[in-house]
Amino acid sequence: MSDQSQYLKSDKLITAHYGEEYEHYYNAVVPPIFMNSLNVFETIDDYYDFDRTDKHKYCYGRVQNPTVRILEDKIAALEHGVGALAFASGMAAATTAVLTACRTGSHVICIRNSYGPLKDFLTGYCKEHLDITTTFVKGDCVEEFEESITDKTDLIVLESPSSLVFSLQDIEAVSKIAKEHQALVYIDNTFCTPIYQQPLTLGADIVMHTTSKYIGGHSDIIGGMLAVKDPELMKKLTANRELFGGIAGPMEAWLMIRGLRTLAVRIAQHQETAMEVAKFLEKHPKVKNVFYPGLESHLQYGLMKKQQSGNTGLLSFEIHGTLKDAIKVTESLKIFKIGVSWGGFESLAFLPHARLEENACKILGGSQNIIRIHCGLEGTDALISDLESALAKI
């Protein structure tokens, strides 16, 4: 087996080489895509006795795959975990984490601005079928978690920074509270990626990534990822992924590996562009508020500096005007395309609160006319010019 320790010296070495044993793949610089659904054995005893944790032994594609394993080894190393699991979507990863951490009658604490479908899963399926109750908190004050936690709390769901207004949670402080009550902390780390934030080192138990975003980076895959630091939890999640059938396909895993190779340089450019765009918007007379954790004006800038080493390309801004004005600005953009996702090479714009009542928006910390944008790789000057032209329409 190759000595992989030399690659653990930096994130860039991990993304470029870690987990790849060139001598096993005819010294190909890029690993092959193992498209087989099945591996065969020489004897019956070989089948029954094979070790599923051995990275050179495989049985069936629903359980594990060599291409998928390379991806998982890279993510585990980047997140400083004992292991990682690749899933067919972010929701497959998220729901597997919830169903592994919780049981019938569990209590969950979840931040209000977490991913909508995950909140729907908690308040819909989990409530109806498992009698799981959920308490939603704003999340920017540690006291909220202290006041909400009970003896039945098995899981705390974080997303830091969270979309749409990019509020942060103190991961280390919340994790300490969780451990005092034997609860697990789950965090969506998609915004920061493992390059700019490692929640496991701050005390979190489960880190989730929607790999369709920055890890994939090219808007051509759907995928999810979980990374953990506890071996026993890793065993449970692995068993449940096999039962739920949520493993990522080998082609998607290979594309995620490809995306990882350029992750550090891509998000550095996303961050540089987003910072310049945020500063431009902050000074624009038609913009009321700009929400981006990298700005010194952000209310939680100090916490951001404590637990993040950078930011990426997603931000939002609130205009002086009505929802109709916000729609006009968004639809006047040329380079920014209207789209719900983010994290790819392209610039996007969206109004997540456009169909919400104003009171519901206030509960989530925003308003109807907040425009969320993702700054892609088309160039800072071009994006600022596009925004300037669109804002001139109102």
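Within any chain, residue numbers begin from 1 and follow the written order of that chain's sequence. The predicted nature of this model means local features are confined to residues of pLDDT at least 70 and side-chain atom pairs, given and counted, to a pLDDT of 80 or more, with totals for whole chains, interfaces and linings taken over all residues. Excluding hydrogens and water, the side-chain figures rest on all heavy atoms present in the structure.

Colleague: Mind laying out the overall build of the chain, listing which residues take part and the relevant values?
Modeller: Under the DSSP-based scheme used, a helix requires at least four consecutive residues in state H or I and a strand at least two consecutive residues in state E, with every element numbered from the N terminus. Counting its regular elements, the chain contains 15 helices and 12 strands. This radius of gyration counts C-alpha atoms alone. The globule rule is 2.2 Å times how many residues there are, raised to the power 0.38. Against the compact-globule benchmark of 21 Å for 394 residues, the chain has a radius of gyration of 22 Å, which places it among compact chains. Seen through its C-alpha atoms, the chain measures out along the principal axes to roughly 75 × 50 × 35 Å. Only protein chains enter the accessibility calculation, which uses a 1.4 Å probe; a residue whose area is less than 20% of its type maximum is buried, one above 50% is exposed, and one in between is partly exposed. When each of the 394 residues of the chain is scored for burial, the buried share is 56%. We score Asp and Glu as negative and Lys and Arg as positive, and we do not count His or the chain ends. Taken as the charge location is NZ of Lys, CZ of Arg, CG of Asp or CD of Glu. For the chain, the distance from the average position of its 38 positive side-chain charges to the average position of its 49 negative side-chain charges is 5 Å.

Colleague: Could you give me a rundown of the pattern of salt bridges, with the residues and numbers involved?
Modeller: One side-chain nitrogen of Lys or Arg within 4 Å of one carboxyl oxygen of Asp or Glu is enough to make a salt bridge. Under the counting rule described, the total for this entry stands at 14 salt bridges. Here Arg103 and Asp154 are joined by a salt bridge, their closest N and O atoms 3.2 Å apart. Pair noted here: Arg103 is in the loop between helix H4 (90-101) and strand S2 (107-111) and Asp154 is in strand S4 (residues 153-159), with a separation of 51 residues, a long-range link. Of the residues examined, Asp154 reaches a relative accessible area of 11% and is grouped as buried. Across the pair Asp140 and Lys138 runs a salt bridge, and its minimum N-O distance is 3.6 Å.

Colleague: Tell me about the environment of Leu13, residues and numbers included.
Modeller: Structurally, Leu13 is set in helix H1 (residues 11-17). Sequence spacing of Leu13 and Lys74 is 61 residues, and the spatial spacing of their C-alpha atoms is 9.9 Å. In this description, contact between two residues means that some pair of their heavy atoms is separated by no more than 4.5 Å. Discounting residues that sit within four places of it in the chain, Leu13 has contacts with Gln6, Tyr7 and Tyr18.

Colleague: Could you give an account of the domain arrangement of the chain, naming the residues involved and the relevant values?
Modeller: For the chain, the domain assignment lists domain 1 (4-259) and domain 2 (264-392). Each partner contributes residues to the interface: domain 1 has 33 residues there, and domain 2 has 39 residues. Buried area: the accessible area, evaluated with a 1.4 Å probe, that two parts lose upon being put together, summed over both parts. Its largest share of buried area at the contact with domain 2, domain 1 owes to Leu164, Tyr196 and Tyr214, together 28% of the area lost on that side. Linking domain 1 with domain 2 are 2 salt bridges. Where Glu172 meets Lys306, a salt bridge forms, and the shortest distance between an N and an O atom there is 3.8 Å. Here the bounds of each domain stem from an automatic or database domain assignment.

Colleague: Can you explain the UniProt feature "modified residue: N6-(pyridoxal phosphate)lysine" (unreviewed entry) in the chain? Please cite residues and give values.
Modeller: UniProt positions are given in the numbering used here, feature names are shortened, and annotations may be inferred rather than shown by experiment. The UniProt record annotates "modified residue: N6-(pyridoxal phosphate)lysine" (unreviewed entry) at Lys213. Along the polypeptide, Lys213 turns up in the loop between strand S6 (206-210) and strand S7 (224-228). You can call Lys213 buried: its relative accessible area is 13%. In this view, Lys213 contacts Thr190, Ser341, Trp342 and Gly343; residues no more than four positions away in its chain are not counted.

Colleague: Any chance you could break down the packing of helix H11 (residues 263-283) against helix H15 (residues 380-391) for me, citing the residues and the numbers?
Modeller: Viewed as axis vectors pointing N to C, H11 and H15 meet at an angle of 30°, and their least axial separation amounts to 9 Å. Here H11 lies roughly parallel to H15, going by the angle between them. In this structure, the crossing between H11 and H15 has a hand that is right-handed. Contacts between H11 and H15 pair Thr273, Glu276, Val277, Phe280 and Leu281 from the former with Thr380, Leu383, Ile384, Leu387, Glu388 and Leu391 from the latter. Considering only residue class, the contact of H11 with H15 consists of 7 nonpolar, 2 polar and 2 charged. An axis is simply a line fitted to the C-alpha atoms; with a helix, the fit covers only the stretch in contact. Between two such axes, the angle follows the N-to-C directions and lies from 0 to 180 degrees. Working definition: roughly parallel below 35 degrees, roughly antiparallel above 145 degrees, roughly perpendicular at 65 to 115 degrees, and oblique for all remaining angles. Here a crossing is called left-handed whenever its near helix is offset anticlockwise from the far helix by less than a right angle, and right-handed whenever the offset is clockwise. Throughout, the ten residues Ala, Val, Leu, Ile, Met, Phe, Trp, Tyr, Cys and Pro are labelled nonpolar, Asp, Glu, Lys and Arg are labelled charged, and all others, Gly among them, are labelled polar.

Colleague: Please provide a residue-by-residue account of the pairing of strand S9 (residues 314-319), values included.
Modeller: Across the 6 residues of S9, 6 count as buried, placing the element largely inside the fold. Neither face of S9 is left uncovered, since the one carrying Leu314, Ser316 and Glu318 and the one carrying Leu315, Phe317 and Ile319 both have all their residues buried. Pairing of strand S8 (residues 287-291) with S9, which is carried by 4 bridges, proceeds in the antiparallel orientation. Note that in S9 the partner of Asn289 across the bridge is Glu318. Direction of pairing for S9 relative to strand S12 (residues 370-374): antiparallel, over a ladder of 5 bridges. At least two bridges found by DSSP between two strands are what make those strands a pair.

Colleague: Give a detailed account of the layout of surface pockets, specifying residues and quantitative values.
Modeller: To locate leftover empty space, one rolls a probe as large as a water molecule over the atoms. Put plainly, a pocket is an open set of points on a 1 Å grid over the protein atoms alone with protein on both sides within 12 Å along at least five of seven lines, a cavity is a set where a 1.4 Å probe fits but cannot get out, and a lining residue has an atom within 4 Å of a point. Grid points are joined across faces, edges and corners, and a volume is the space filled by probe spheres set on the points. Estimates place the volume of the largest pocket at around 850 Å³. Those elements that place two or more of their residues in the lining of the largest pocket are H4, helix H5 (116-130) and S6. For the lining of the largest pocket, the leading source of residues is H5, giving 3 residues. Partitioned by chemical class, the residues of the lining of the largest pocket number 16 nonpolar, 12 polar and 5 charged. Among the domains, domain 1 (4-259) and domain 2 (264-392) are the pair contributing at least three residues each to the lining of the largest pocket. There is about 570 Å³ of room inside the second largest pocket. As for the second largest pocket, its lining consists of 21 residues, of which Arg52, Thr53, Arg69, Met234 and Thr238 are closest to the centre.

Colleague: Tell me about the sheet that holds S9, and name the residues and values.
Modeller: The 5 strands lie next to each other as S8-S9-S12-S11-S10, forming an open sheet whose pairing is mixed. Pairing within the sheet leaves two strands with one partner each, and these edge strands are S8 and strand S10 (337-338). Direction of pairing for strand S11 (residues 348-350) relative to S12: antiparallel, over a ladder of 3 bridges. From the neighbouring strand, Phe350 faces S12, where its bridge partner is Arg372.

Colleague: Pulling in residues and values, what's your account of the environment of Pro199?
Modeller: By the secondary structure assignment, Pro199 is in the loop between helix H8 (193-196) and S6. Leaving out residues up to four positions away in the same chain, Pro199 has contacts with Glu79, Ile171, Ile187, Asn189, Ala204 and Val207.

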